[in-house]
Amino acid sequence: MSHDDEVLQQLLTTADTNRVEPSPQFMERMLALTPEATDSSTSGPATAGPASSPSPIKSQVTRRTVLAAGLLSTVAAVVVTVLLWHPSPTWAQVAEAVASKPWIHMHSKDPQGNTRDLWLSLPRDIAALKSPSLIRHDDHRRGSRLEFDPTTKKLLRLPIEDKESFESMTTFFRAIFRGDAQLGERLAEDQIVEQNQRTVTEAGQTWLEHDLTVQRGDKTALCTVRVNPEQRLPVWLRLKAGEMQVQYDFDFPATGPLNIYELDVSRDIAVEDRMPPADLAKIQRSMQSSQRGLDNYMAIMMRGSRQRGGPQNPERIFWRKGDRWRVELVMPMAPPKDAPGAGGDTAAWWRKQMKQIEGLPVLVCDGRKVYRAEFSGNTVSSWKTERVLRSGEGREAARFFPDAGENLLEYAAYPMLISTAMSTISLDPKGTGGPDKSLLLELNFTNVDDRAYRKMRCWLDPERQYVVLKSEHSGSPAVDRDPQLVPSQKVYAHEYGEFRQSPRGVWYPTEVVWKNGLTPVSPDKSQPAVPQDLVRSYVLDFEADLPDELFTTTMRKKE
C-alpha cells in the first residue's frame, strides 16, 4: 500500500466496530440477516457463511472503491468545509474567491510517484477523479457517472449513488456566498473538536493558515489549509494522522475535464451502459419512496423456529421517526404472560405490554449523531459517539449498524437494488421462478471473493408498491463446497408474508422467513440434521407515542 493510501485509509475508513456482542440467549439462536442492509453506498454482494454462523453479512467493498469514494466525498468535503468554516470576513473573502472560479483542482503525489487529481466545477455540477487505480467523471445534473478501471480497461456508465456529498458541498458554497450559511459541527464523517487560525512567514512570504482537529471515534487527525492572503485563495491542504501525512496542492484553472475522455481515456473503448431503463428506474423510485414512507412507528420483533412453534419471545424493539431511531434488546427474553385475542388490535395490546418489558438500549440516533451504549454487566455504563451526521443522513445511517440495518423492516421490504461497478441488474417482468404475478429483479456481482454470493434475486409485488415477496442469494463457491450444508441451505433464501398497510399506505410484511436457516443436531447425533425455518415476526404500532426523549441517551420511561 502506498504512503498516500495509508493516510487515506486511516483518515477515511471507519473501523468495523459497529456490533454489540449478543447475550448467551442470542448466541443460541441464528440471526436472520438481510444482506441488503450493510452498505447503502455500494449495494455490494453479501458474504456467504455456513447456516450456523452468527456473523453479520458484509458487502465486499474493494480498497479501490473505498479510497475513490473517500477522495470524492470526504477529502472534497474537507476542502470545501475548511474554506467555508470560519465566519470571519477574511475567510468569507476566501470562500467568495474560490466560488468565483470555474474549476477547483487538487493534486497530490505519494513517495512512490503515484499522483491523484481531483476536479470540482460548482457552476457545472461536475466532479472528476484521476488516480492510478480509477478514473471517474460525475455529471450531477444528468445523474450519471462514467468510471474507467485502468486494470480491466472497462468503461462503465453508472447512476450516481453518492450525490448527496456533492450537493452538500455546493450548498455550503452557495450558502456562504449568500451569507446565510448555518454550518454545524460536522466535517465530512468527522467531528471538529478544535480550530485555530494563524499567520506564518516563510522565505519572506506571509501565509494565512487554518487548522482543524477532527475526530472519528477515538482517532484524531489534523487538517491544515494554507491560503495566499493577497489572492485569497488556498494553496494547499494537508491531512495528518500520527506519522502519516498527505498533501493536496490547489490551482484554479479556467478549464477542466468536461468529460472522461479529457482524463486520458480513449474514445475507442466501448461504454458498458448500466443506467437503468425507464421501466426499471420507475420500480427503483417506487421502492425508495416506500422505504422512506415506512416511518413513525414502534416495532416489536420476535424470532423463532417455525418447526418449534414459531416466534414467541420479543427480542428487539425499534422506534423510528424520520432521521431519528432507537434500538433496544429485550432482557430477559420471555414470552408474555397472556396473548392478544384473535382478531384484536395486536399493536394496541403490545403497547400496553411495554409497561412490563425491560429494554436494554443498544443504539440511538438523534438525527445528528449515532450513539452506541457501553455496558457494565446488563446495565448501560456510558455512551460512545459512533458517527456524526449531516442534516438528513440519520435515516440512511441506520444501514451501517447491524443491530439496526439487519432488522429494520423497511430495509428488508424495500432493499436497494441498483447497478454499480460491482454489479449488473436485469428485470424479468414475468417473475420466472417466483410467486404468481410477481416480477423479478436479478443482480449479478463481479470482482468478489470466494465467500461472496455471486447472484441476488428479488421477486417483487407490482400491485403492492414492489414490496419484496421472496429473495435469494446464491453462487458462493465456498458455500457450494461446504460438506456440512444440505443443498437447500446453499441458497440463502427468504420469504415474506402477512402483508399490511401503514397509515400512509405503504405495504410491508409482518413475517420474514429464512428458509432452512437452522440445522439442529440431536443430542446423541444419531439422527440426521433437519434444516428448519427461522422466522422473524413484526408488530408495527403507528399510534405509539414517540416523544423526543426516546431519541436521546436517556433510559426509556415506562408509563
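Because the structure is a prediction, the values reported are computed rather than measured. Along each chain, residue indices are assigned from 1 in the same order as the chain's sequence is written. The model is predicted, so local features are restricted to residues of pLDDT at least 70 and side-chain atom pairs to those at 80 or more, both for listing and for counting; the totals for chains, interfaces and linings are taken over all residues. Hydrogens and water molecules were not included; the side-chain quantities draw on all heavy atoms of the structure.

Every helix listed is a DSSP run of H or I at least four residues long, and every strand listed is a run of E at least two residues long, numbered separately from the N terminus. Assigned secondary structure in the protein consists of 11 helices and 26 strands. Two residues qualify as a contact provided that any one of their heavy atoms is within 4.5 Å of a heavy atom in the partner residue. A separation threshold of at least 6 residues defines the contact pool for the protein, and within that pool the share at least 24 residues apart is 57%.

Here we take up the packing of aromatic side chains. Think of it this way: a Phe, Tyr or Trp ring, Trp meaning its six-membered ring, pairs with another when their centres are within 6.5 Å, and the plane angle makes it stacked under 30 degrees, edge-to-face over 60, tilted otherwise. Within the structure shown, the criterion is met by seven aromatic pairs. Where Phe-250 meets Phe-252, the ring centres are 6.1 Å apart and the plane angle is 20°; that geometry is what we call stacked. In terms of burial, Phe-250 and Phe-252 fall into one category: buried. Ring pairs connect the aromatic residues Tyr-297, Tyr-508 and Phe-542, which therefore count as one cluster. For Arg-238, the ring lying beneath its charged end belongs to Trp-236, and the centroid distance is 4.1 Å. Charge over a ring is defined by NZ of Lys or CZ of Arg lying within 6 Å of the ring centre and within 35 degrees of the ring normal. Geometry around Trp-507 places Arg-464 over its ring, the cationic atom sitting 4.9 Å from the centre. Here's how the labels work: a residue is buried when its accessible area is under 20% of the maximum for its type, exposed when over 50%, partly exposed in between, all with a 1.4 Å probe on protein chains only.

Once that is clear, we can look at the pairing of strand 23 (residues 467–474). Most of strand 23 is tucked away: eight of the eight residues are buried. A pair of strands counts as paired when DSSP detects no fewer than two bridges linking them. Count of turn residues in the strand 22 (residues 455–461)/strand 23 antiparallel hairpin: five residues, of which Gln-465 carries a positive phi of about 60°. Of the pairings in the sheet, the one linking strand 23 to strand 24 (residues 492–501) comprises four bridges and is antiparallel in character. Bridging across to strand 24, Glu-472 finds its partner in Ala-493.

Right, let's get into the confidence of the model for the protein. Each residue carries a pLDDT score, the predictor's own confidence in it, on a scale running from 0 to 100. On average, residues of the protein score 76 in pLDDT, and 72% of them are at 70 or above. Contacts for the low-pLDDT stretch residues 49–89, under 50 throughout, to residues beyond four places or in other chains number 132 contacts. Within the model, pLDDT remains below 50 along residues 171–188, and this stretch shows 47 contacts once partners closer than five positions in the same chain are excluded.

What follows concerns the nonpolar core. Working definition of a nonpolar core: buried Ala, Val, Leu, Ile, Met, Phe, Trp, Tyr and Cys residues. They are joined through side-chain atoms within 4.5 Å. One finds Trp-325, Leu-363, Val-370, Leu-417, Leu-460 and Leu-540 to be the most contacted residues of the largest nonpolar core, which totals 51 residues. Discounting residues that sit within four places of it in the chain, Leu-417 has contacts with Gln-284, Met-287, Ile-425, Leu-441, Leu-443, Met-456 and Cys-458. Ile-104, Met-106, Leu-208 and Val-227 belong to the second-largest nonpolar core, a separate cluster that totals 17 residues.

The subject of this paragraph is the environment of Ser-133. You can see Ser-133 is positioned in the loop between strand 3 (126–131) and strand 4 (134–139). Look at Ser-133 and you get partly exposed, because its relative accessible area is 31%. Each C-alpha atom of the pair Ser-133 and Asp-149 lies 6.5 Å from the other, and the pair is 16 residues apart in sequence.

Position of Ile-300 among the secondary structure elements: in strand 14 (residues 297–305). Take Ile-300: its relative accessible area is 0%, and that puts it in the buried class. For the pair Ile-300 and Met-354, spaced 54 residues apart in the sequence, the C-alpha separation amounts to 9.8 Å. Setting aside chain neighbours within four positions, we find Ile-300 in contact with Pro-314, Arg-316, Ile-317, Trp-350, Met-354, Ser-537, Tyr-538 and Val-539.

Salt bridge, as used here, is a side-chain nitrogen of Lys or Arg placed within 4 Å of a carboxyl oxygen of Asp or Glu. Tallying each qualifying case throughout the model produces 29 salt bridges. One salt bridge connects Asp-403 with Arg-372, and the closest N-O pair in it is separated by 3.5 Å. Here Asp-403, found in helix 9 (residues 402–405), pairs with Arg-372, found in strand 18 (residues 369–376); they are 31 residues apart in sequence, far enough to count as distant. Judged by relative accessible area, which is 6%, Arg-372 ranks as buried. Arg-457 is paired through a salt bridge with Glu-472; the nearest N and O atoms lie 3.1 Å apart. With Arg-457 in strand 22 and Glu-472 in strand 23, the pair connects residues that are 15 residues apart, well separated along the chain. Relative accessible area serves as the criterion here: at 23%, Arg-457 is assigned to the partly exposed category. Several salt bridges converge on common partners, so that one network encompasses Arg-303, Glu-315, Arg-316, Arg-372, Glu-386 and Asp-403.

Over its 16 residues, helix 6 (residues 278–293) runs 22 Å from end to end, which matches the ideal 22 Å to within 8%, given 1.5 Å per residue. Within helix 6, the full set of buried residues consists of Leu-280, Ala-281, Ile-283, Gln-284, Met-287, Ser-290, Gln-291 and Gly-293. The secondary structure elements touched by the buried residues of helix 6 are helix 8 (394–397), helix 10 (409–413), strand 20 (423–428), strand 21 (439–445) and strand 22. By definition here, a helix of n residues has an expected span of 1.5 Å times n minus one.

Now for unusual backbone geometry. Positive phi, close to 70°, is recorded for Asp-264, a residue that is not glycine. Mapped onto the secondary structure, Asp-264 falls in the loop between strand 12 (244–251) and strand 13 (271–273). Looking at Asp-264, the relative accessible area reads 62%, which means it is exposed. Even without a glycine there, the phi angle at Gln-465 is positive, about 60°.

Bridging between strand 5 (residues 144–149) and strand 6 (residues 154–159) involves six bridges; their strand directions are antiparallel. Note that in strand 6 the partner of Glu-147 across the bridge is Leu-156. Two successive antiparallel strands, strand 5 and strand 6, enclose a turn made up of four residues, where Lys-153 displays a positive phi of approximately 65°. The sheet contact formed by strand 6 and strand 13 spans three bridges and is parallel. Paired with Arg-157 across the strands is Asp-273, a residue of strand 13.

With that out of the way, let us pick up the side chain of Asp-149. Structurally, the position occupied by Asp-149 is in strand 5. With a relative accessible area of 15%, Asp-149 lands in the buried category. One polar contact links the side chain of Asp-149 to the main-chain amide nitrogen of Thr-151, over a distance of 2.8 Å. We call two N or O atoms a polar contact when they sit within 3.5 Å, provided that within protein one can donate a hydrogen and the other can accept it, with sequence-adjacent residues counted only if both atoms are side-chain atoms.

This paragraph deals with helix 7 (residues 346–353). Those residues of helix 7 that sit buried are Ala-347, Ala-348, Trp-349, Trp-350 and Gln-353. Considering only its buried residues, helix 7 is in contact with strand 14, strand 15 (314–321) and strand 26 (532–541).

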